[in-house]
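# Structure assessment
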Amino acid sequence: MSDGLNGLGESGPDTAVQLLTPTGERVEHPDYAFAGDDAMVRRFYADMVRVRRVDAEAIALQRQGELGLWPSLLGQEGAQIGAVHAMRDQDYAFPTYREHGITIGRGVDPLRLLAMFRGTDPGTWDIEALGVHLYSIIIGTQGLQATGYGMGLERDGLVGSGDPERDAAVMCFFGDGATSQGDINEGLVFASSFNAPVVFFCQNNQWAISEPIERQSRAPLYRRAAGFGLPGVRVDGNDALAVHAVTTAALDRARSGNGPTFIEAYTYRMGAHTTSDDPTKYRLEHELAQWRDRDPISRVRAYLESTGAADADFFAAVDAESDELAVRLRKECLALPEPSLAETFDWVYATKSPELVEQLARHEEYAASFEEAR
Amino acid sequence: MSTTSVRPSSRPGARGRDEGTPAPVRTMTMAKALNAGLRKAMEDDPKVLLAGEDIGKLGGVFRVTEGLQKDFGESRVIDTPLAESGIVGTAVGMALRGYRPVCEIQFDGFVFPAFDQIVTQVARMRWRTKGAVPMPVVIRIPFGGGIGAVEHHSESPEAYFAHTVGLKVVTCSNPADAYWMIQQAIASDDPVIFFEPKRRYYEKAEVDTTAEPLDLHSSRVVRPGRDGTLVAYGPMVKTCVEAASVAADEGRELEVIDLRTLSPLDLGPVFESVRRTGHAVVVHEAPVSVGLGAEVAARITEECFYSLEAPVLRVAGMDVPYPPSRAEEDYLPDLDRVLDAVDRSLAY
């Protein structure tokens, strides 16, 4: 681990699957191949740039006091965009709070994310229509929920029917820190025991706030899968093409009824844990510099430029669209309606309990007393 | 929330009987009544699933699910790995797919590994989705002491759950309520923590499977009286009824109210009673401090202040861990401790 690249070397038992080198060269792998064409690579590029632009705008909004907090995904765009493009409409994802590439990739308006971190909203979108759950904030809880959702899919006859338009699977996203949580481990036990159609997708970004991966695990995370009785694979998380290939295979396996897979996407959190964090207190600049050379967007751009699969107009258009999105988000974020405490009373139960009815009435009477006093 | 409200007959848990089913009025234990209620709920709705440890072939350590896996299959009666958070966490996922999971926690003291999923996930999903996504999960927990068990098998953790917004908490005290309330809990679109008084599992009473059941979230006057009010739930209802019976021999008529629902509380009948009697004693097994009794006492004080002839008293477990079983008779409220509190109240 002395080189800071932790098993990403050219060869060895823990070498990650890679299909696009950091300098943008396509390479072959004996078990995995990228099934997409250059048009798909261009989409990956555009989506990664867009989500990074949203991230930058959100950080700026937080610094200006417009958001309470923002967890940056900087550096993890390749893992997320590669994974989300492997999903089909009928699949379902359980993301955590750093998975902006997953939510936006599934069609969630980034404004919904800003609303959550601005505090105008509990963090809500149409989970059923978009096939993506709400951000899990308690670390690891989604490991079990994803497994249960998969058990539900199986009971609905939506696993292993042989119809690719119908069969579905679940993506469970979590980080290296979550691998120490009981719920992720229990999720792996349940998924393995019930052969649930779940892909456990761990983004090992090397840091859980200030704690390095060595505090969570002394063995490569993907190797844990064997102990649970399911396949584990390590993929270069900054290589969107490899992530797409590995995730596609795992999802196909799950949908066809062959059970869960554990993917360790080996990546790096380039930013702070959140806008409240100060990583200069616990990590060194040289580590960042090494990972900057492995940037997920740069390598796709290098590939597109060197092969002529995209021209200057394409890159300019992607930048322009991203900037337009950022302008729109800033404007709409500032115009988000303020929530009222009263409306939250409606969300607790199917119908308000007698206690809630009484408390709300008293609160409104109290609030009204100030109006009358004017 | 009145004691006279009934469920519409078209919904699960209400009147309705197929040809060839057993006699409508049967004498059965609470365990059997729960079994019959679970069976009826599973027959009425194919989305109802059971999940827990040893609930399949064994039928659960208390045999509440006996025979259900044989009749409904392993896909609907799931023997889970030995992990309570796993039982509840996977139930959340299945509920998101439209299922109505009924989780069995083997013993009260084993629920805490699942506490996070219950408090941060089950209780919050509807709120988090601004009311859009219901969480129709029932979590059955055998609770309370009196069975000579080892540590962590005699706990009364109901206050933790009643304190958690987003959950509903109920407990049955007799076989008939057990039969109906489990079906009503399963039909609820809100999550229900369902406490079963394990020391009453094998006590028998008549269950009328064609009766119109009381609303799930209603308390009930189980014995009328004019001299004082005893408020109890779960295993302590029987204790209080026995105490009232002895008091009657001494010329005191005590009213006994079975709360049945701990969240939301239905204290209308309690207030009505206390306004007549002027004396209230709340009884539960759980440790006295910051328990349900404190909440009930506070609300009685708020609503019945000018009717009270004495402070509301509590008879409860003490603020020590549940004792070794040879000492549990001293810990658990019993007939004499209840009557002692009545004496103190009436002497005010």
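Reading the values: rules and limits
Residues numbered from 1 in each chain as written. Chains lettered and ligands numbered in written order. Predicted model: local features only at pLDDT ≥ 70, side-chain atom pairs only at ≥ 80, totals over all residues. Axes fitted to C-alpha atoms, helices over the stretch in contact; angles between N-to-C directions. Helix = DSSP H or I, 4+ residues; strand = E, 2+ residues; numbered from the N terminus. Left-handed = near helix turned anticlockwise from the far one by under 90°. Contact = placed C-beta atoms within 7 Å. Nonpolar A, V, L, I, M, F, W, Y, C, P; charged D, E, K, R; others polar. Buried ≥ 20, exposed ≤ 12 C-beta atoms within 10 Å, placed from the backbone. Domains from an automatic or database assignment. Pairing = 2+ DSSP bridges. pLDDT = per-residue confidence, 0-100.

Residue and element names in this part refer to chain A. It is the contact of helix α1 (residues 38-63) with helix α13 (residues 312-334), at a shortest axis distance of 9 Å, that shows an interaxial angle of 35°. By crossing handedness, the relation of α1 to α13 is classed as right-handed. Across the interface between the two elements, R42, Y45, A46, V49, R50, R53, V54, E57 and L61 of α1 pack against F314, V318, D319, S322, D323, L325, A326, L329, R330 and C333 of α13. Class assignment of the residues belonging to the contact of α1 with α13 gives a composition of 11 nonpolar, one polar and seven charged.

We now examine the interface of chain A and chain B. Chain A puts 32 residues into the contact, and the matching count from chain B is 32 residues. At the level of secondary structure, the elements contributing two or more residues to the side of chain A that touches chain B comprise α6 (141-155), α7 (182-193) and α15 (354-373) of chain A. Top contributing element to the side of chain A that touches chain B by residue count: α6(A), with 11 residues. Here the residues of the side of chain A that touches chain B sort into 16 nonpolar, 10 polar and six charged.

The next thing to look at is helix α4 (residues 110-118) of chain A. Residue pairs spaced three or four apart in an α-helix point in one direction, given the helix's 3.6 residues per turn. Residues and elements named next belong to chain A. A large share of α4 lies buried, amounting to seven of its nine residues. Within the sequence span of α4, burial applies to P110, L113, L114, A115, M116, F117 and R118. Looking at the buried positions of α4, the neighbouring elements they touch are α1, α3 (100-105) and α13. G119 lies just past α4 and shows a positive phi near 90°.

This next bit is on the domain arrangement of chain B. Accessible area lost upon the coming together of the parts is a frequently used measure of interface size. Residue and element names in this part refer to chain B. On domain assignment, one finds that chain B holds domain 1 (25-208) and domain 2 (220-346). The set of elements that each furnish at least two residues to the side of domain 1 that touches domain 2 consists of α6 (158-162), β6 (168-171) and β7 (192-197). No other element matches the four residues that β6 contributes to the side of domain 1 that touches domain 2.

With that settled, consider the pairing of β7(B). Residue and element names in this part refer to chain B. Counting buried positions over the six residues of β7 gives six, a clear majority of the element. Where β6 meets β7, four bridges bridge the pair, whose relative direction is parallel. Within the sheet, the bridge partner assigned to T171 lies in β7 and is F195.

To continue, consider the sheet that holds strand β14 (residues 313-317) of chain B. Paired through backbone hydrogen bonds, the strands of a sheet run either parallel or antiparallel to each other. All names here are of chain B. The five strands are arranged β9-β11-β10-β13-β14 in an open sheet whose pairing can be described as mixed. Each edge of the sheet is formed by a strand with only one pairing partner; in this case those strands are β9 (220-223) and β14. Neighbour-to-neighbour, the strand axes of this sheet turn through a mean angle of 25°, independent of strand direction. In this sheet, strand β13 (residues 280-287) lies alongside strand β10 (residues 228-232) in parallel orientation, the contact comprising three bridges. The residue of β13 that forms the bridge with L230 is V281. Strands β10, β11 (254-258), β13 and β14 of the sheet are contacted by helix α12 (residues 335-346), whose axis makes an angle of about 160° with β14.

The next subject is the confidence of the model for chain B. All names here are of chain B. Mean pLDDT over chain B: 94, with 94% of residues reaching 70 or higher. Here residues 1-17 is modelled with pLDDT under 50, and outside its nearest four sequence neighbours on either side it reaches 42 contacts, counting other chains as well. Taken over the whole predicted complex, pTM reads 0.95, whereas the ipTM for its chain interfaces reads 0.96.

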